[in-house]
Amino acid sequence: MVGFKGALNDKWDWSADGVIDYTDSDTHVTYRASGNSGVTGLLTLNIPDNPNIPGSPAPAAVRRAIYPLLADHEVYPITADTADAYFGGGRRTPTKSLQKEANVRLTGDVYSLPAGPVRTSLVGKFRHFERDSGFYTLFTPDFYLLANGSPSATGPVAQSPINSRRETLQGAVELVVPIFGKSWQPVPFIQGLDLNLSYSSEKNSTEGVNQSNQQPFEFQGEAAETYVAALKLQIVPDIALRGSFTEGFYPPDWNDLSDTLSPQNISNFFMLIFGWVDPLRGNRPLVLDYPAGVTNYNGGNPGTLPESAQSSNIGMILKPRFAPGLTMTLDYWRTKKTGAIVRTNLIQVLDRISDYEGSIVRAAPTATDTANGWAGLITEFYTGPINISVLETDGADINIRYDYDAGESGNFLFNTNASFTNHFQTQALPSSSLVETAGAGGPNRWRGYASAGWQRAGLGVTLTGRYVGKYSTNTTTPTSAFPSASGFDGPYIPAFTIYDLQFQYAIQSVRGGMLQGVLDGSQWTLGINNVFDTTPTMVSDGQGFYNRQVDPRQRFAYLQYRKSF
């Protein structure tokens, strides 16, 4: 990171900065393969047993001996060696990312009012971000030999690959107008009143490789504008009120545009179990029309458009004089999006087919269908990001910070933040009702963190606790967002708290020596994330088998070196 600043004259300042951030990581995780993948592999359904043909799977009798299907595995479990040989697995996740950003700003006074000068800022920003990632899943050689007749797969196949680039070009104007201030207070109980206005124009472009057909794609977004109006009212030195209104937009992410379209067969059996019907075919049960099932494609949607939003915020800032160093802020926020980008899932689509016709492909109606007033048969489902008509959300944030100077004993810092999402309601179509997804498919209702730190003479230590509240999925008790949830994982996925520990040492100056250039002005950080090695909660969704809001690496340590020039 590098930055420069200077002055044009006594009223105008300028600054410019840039940053290049490169990340290259390769994570390896080993686990016991379980669920359908392991058992189905041992069954090798629809593959004929023929031990005389090289490369064929082992006979059924051999596979059944390894994993007896009808045995009580709690009483007669398979041995640990057998589990390691045939049910061991691994996952490798390589990721490379590069971010380049440049910012320029010109700030100065344009007019003088009784309460002070009107200040303006002209801002320009350029950002380039690219990412290449994916993950590879492998079973053990013994598993492949048993199931496929070969000791290894044809090779690791990248799943969910990302190979995309995004560029953002932004220009903005900011204006701060002091209405009341220290130099002019015509109203006794108002010590300060500031009006903030800003206008921003941003254009985004995305390019990369379409993950469905591996063909290059390019998306050029139209320039869009954001408007902000904010007001800050200082009543007494201890209390300030603030409010803002914003009208803006959010462009689709490249994942929304180009995620891999992964086909999945929805079997006739699941249609029967869940009792799905087609309201556009007289509520006829799906199980009657699709004996071989139907295919669902889950992934990106190249037709995803930017979403627009209107946001309002009101808040209060408290800095009590009786407790120097203490700052408390409380904010209530509300946002309404139109054309909001939301990822659908198969349960939602099948439970409300008439609301998600844009995600469904149908065959032309037959003569019988036309006579009955029915739509044609479903040929394919597509689940993933779509621009739904409305998303409404509101909630509150609270932050408490206390800086305490203990003199020779050092400085103590306490900081806590909590965020509560009251509603996160989505509306699939104007004709449908709002569905509450807060804590059930949308953001968790409660999130927060608290930290306590100490610093003295370049030394520092910080303990941070991170909290994420409970939430519901399609594997917990049914909710309005997941009316057909299985309940396999109980009433909800439980909340969790994880603690992180950091030790810092800042070296201000080193005189002489071979390492002066390395140590002078450097900061060293030794961190331990998930100090108590908290294990992620298991989730029976057939994908990752663990709560993906928790880092699967659990406890790990790192050393960070930062140099200032």
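Residues numbered from 1 in each chain as written. Predicted model: local features only at pLDDT ≥ 70, side-chain atom pairs only at ≥ 80, totals over all residues. Heavy atoms only, no water.

When helices and strands are counted, the protein chain shows ten helices and 25 strands. Taking all contacts inside the protein chain whose residues are at least 6 apart in sequence as the whole, residues at least 24 apart take part in 67%. By element, 59% of the accessible surface of the protein chain is carried by carbon and sulfur atoms, the whole surface being about 31900 Å². (Helix = DSSP H or I, 4+ residues; strand = E, 2+ residues; numbered from the N terminus. Contact = heavy atoms within 4.5 Å. Areas by Shrake-Rupley, 256 points an atom, 1.4 Å probe, with all protein chains shown as cover.)

A separate point is the nonpolar core. Met271 and Phe381 are the most contacted members of the largest nonpolar core, which totals 16 residues. For this core, the secondary-structure elements that each account for two or more residues are α7 (286-289), α8 (346-351) and β17 (378-383). Aside from chain neighbours lying at most four places away, what touches methionine 271 is Ile266, Trp276, Leu286, Val287, Tyr290, Gly293 and Val294. (Core = buried A, V, L, I, M, F, W, Y, C linked by side-chain atoms within 4.5 Å. Buried < 20%, exposed > 50% of the residue type's maximum accessible area, 1.4 Å probe, protein only.)

Across the sheet, which stays open at both edges, the four strands sit in the order β10-β13-β17-β16 with mixed pairing between neighbours. At either margin of the open sheet sits one strand with a lone partner, and together these are β10 (262-266) and β16 (360-362). Direction aside, neighbouring strands of the sheet carry axes that sit 25° apart on average. In this sheet, strand β13 (residues 294-298) lies alongside β10 in antiparallel orientation, the contact comprising five bridges. (Pairing = 2+ DSSP bridges. Axes fitted to C-alpha atoms, helices over the stretch in contact; angles between N-to-C directions.)

Before going further, it helps to examine the side chain of serine 121. One can find serine 121 in strand β4 (residues 116-139). In terms of polar contacts, serine 121 uses its side chain to reach the side chain of arginine 105, at 3.5 Å. Once you skip the residues sitting within four places of it in the chain, serine 121 turns out to touch Arg105, Leu106, Thr107, Ala172, Val173 and Glu174. (Polar contact = N/O pair within 3.5 Å; in protein donor to acceptor, adjacent residues only side chain to side chain.)

A separate point is the side chain of threonine 421. With respect to the element layout, threonine 421 can be found in strand β19 (residues 411-427). Using a relative accessible area of 7% as the deciding quantity, one classes threonine 421 as buried. For threonine 421, the contacting residues outside a window of four places in its chain are Trp333, Thr393, Asp394, Gly395, Ala438, Pro443, Asn444 and Arg445.

Applying the stated criterion to the full structure yields 17 salt bridges. A salt bridge links arginine 281 to aspartate 369; its shortest N-O distance comes to 3.1 Å. Of the two residues, arginine 281 sits in the loop between β11 (277-278) and β12 (284-285) while aspartate 369 sits in helix α9 (residues 367-372), which places them 88 residues apart along the sequence. We classify arginine 281 as buried; its relative accessible area is 4%. The class for aspartate 369 is buried, based on a relative accessible area of 5%. (Salt bridge = Lys/Arg side-chain N within 4 Å of Asp/Glu carboxyl O.)

It is worth spelling out the environment of glycine 373 at this point. Relative to the elements of secondary structure, glycine 373 occurs in the loop between α9 and β17. Linking glycine 373 and arginine 281, residues 92 residues apart in sequence, is a C-alpha distance of 7.6 Å.

Take the packing of aromatic side chains next. Within the structure shown, the criterion is met by ten aromatic pairs. A ring pair is formed by tyrosine 199 and tyrosine 227, whose centres lie 5.5 Å apart and whose planes are at 50°; its orientation type is tilted. Residue tyrosine 199 is found in strand β6 (residues 192-209), and its partner tyrosine 227 is found in strand β8 (residues 224-236); the two are separated by 28 residues along the sequence. Taken together, the aromatic side chains of Phe269, Phe270, Phe274 and Trp276 make up a single cluster linked through ring pairs. Across from the ring centre of tyrosine 492, 4.4 Å away, lies the NZ or CZ of lysine 470, which sits over that ring. Looking at arginine 553, its charged tip hangs above the ring of phenylalanine 556, at a distance of 4.2 Å from the centre. (Phe/Tyr/Trp six-rings, centres within 6.5 Å; stacked < 30°, edge-to-face > 60°. Lys NZ or Arg CZ within 6 Å of the ring centre and 35° of its normal.)

Take the confidence of the model for the protein chain next. Across the protein chain, the average pLDDT comes to 84, with 87% of residues at 70 or higher. The low-confidence segment residues 44-53, where pLDDT is below 50, has 13 contacts with residues more than four positions distant or belonging to other chains. (pLDDT = per-residue confidence, 0-100.)

As a further point, take unusual backbone geometry. One non-glycine residue, alanine 457, adopts positive backbone phi at about 50°. One can find alanine 457 in the loop between β21 (446-456) and β22 (459-468). On the basis of relative accessible area, alanine 457 is assigned to the exposed category, the value being 72%. Residue aspartate 533 is not a glycine yet carries a positive backbone phi of 55°. Exposure remark for aspartate 533: the relative accessible area of 29% places this residue in the partly exposed category.

Turning next to the environment of threonine 93. Its place among the elements puts threonine 93 in strand β3 (residues 88-113). The class for threonine 93 is partly exposed, based on a relative accessible area of 27%. With 65 residues separating them in the primary sequence, threonine 93 and histidine 28 have C-alpha atoms 6.5 Å apart. Residues within four places of threonine 93 in sequence aside, it is in contact with Ser25, Asp26, Thr27, Gly134 and Phe135.

Okay, a nonpolar patch on the surface next. Side chains of Val2, Phe4, Leu8 and Trp14 sit close together on the surface and give an oily, nonpolar patch of about 420 Å² of accessible area. As for its position among the elements, tryptophan 14 is in strand β2 (residues 12-32). (Patch = residues over 30% accessible without salt bridge, like charges linked within 9 Å, V, L, I, M, F, W, Y side chains within 5 Å.)

Right, let's talk about the pairing of β21 for a bit. As judged from the ten bridges shared by β19 and β21, these two strands associate in the antiparallel manner. Bridging across to β21, leucine 413 finds its partner in glycine 453. Where β21 meets β22, ten bridges bridge the pair, whose relative direction is antiparallel. Paired with arginine 456 across the bridge in β22 is leucine 459.

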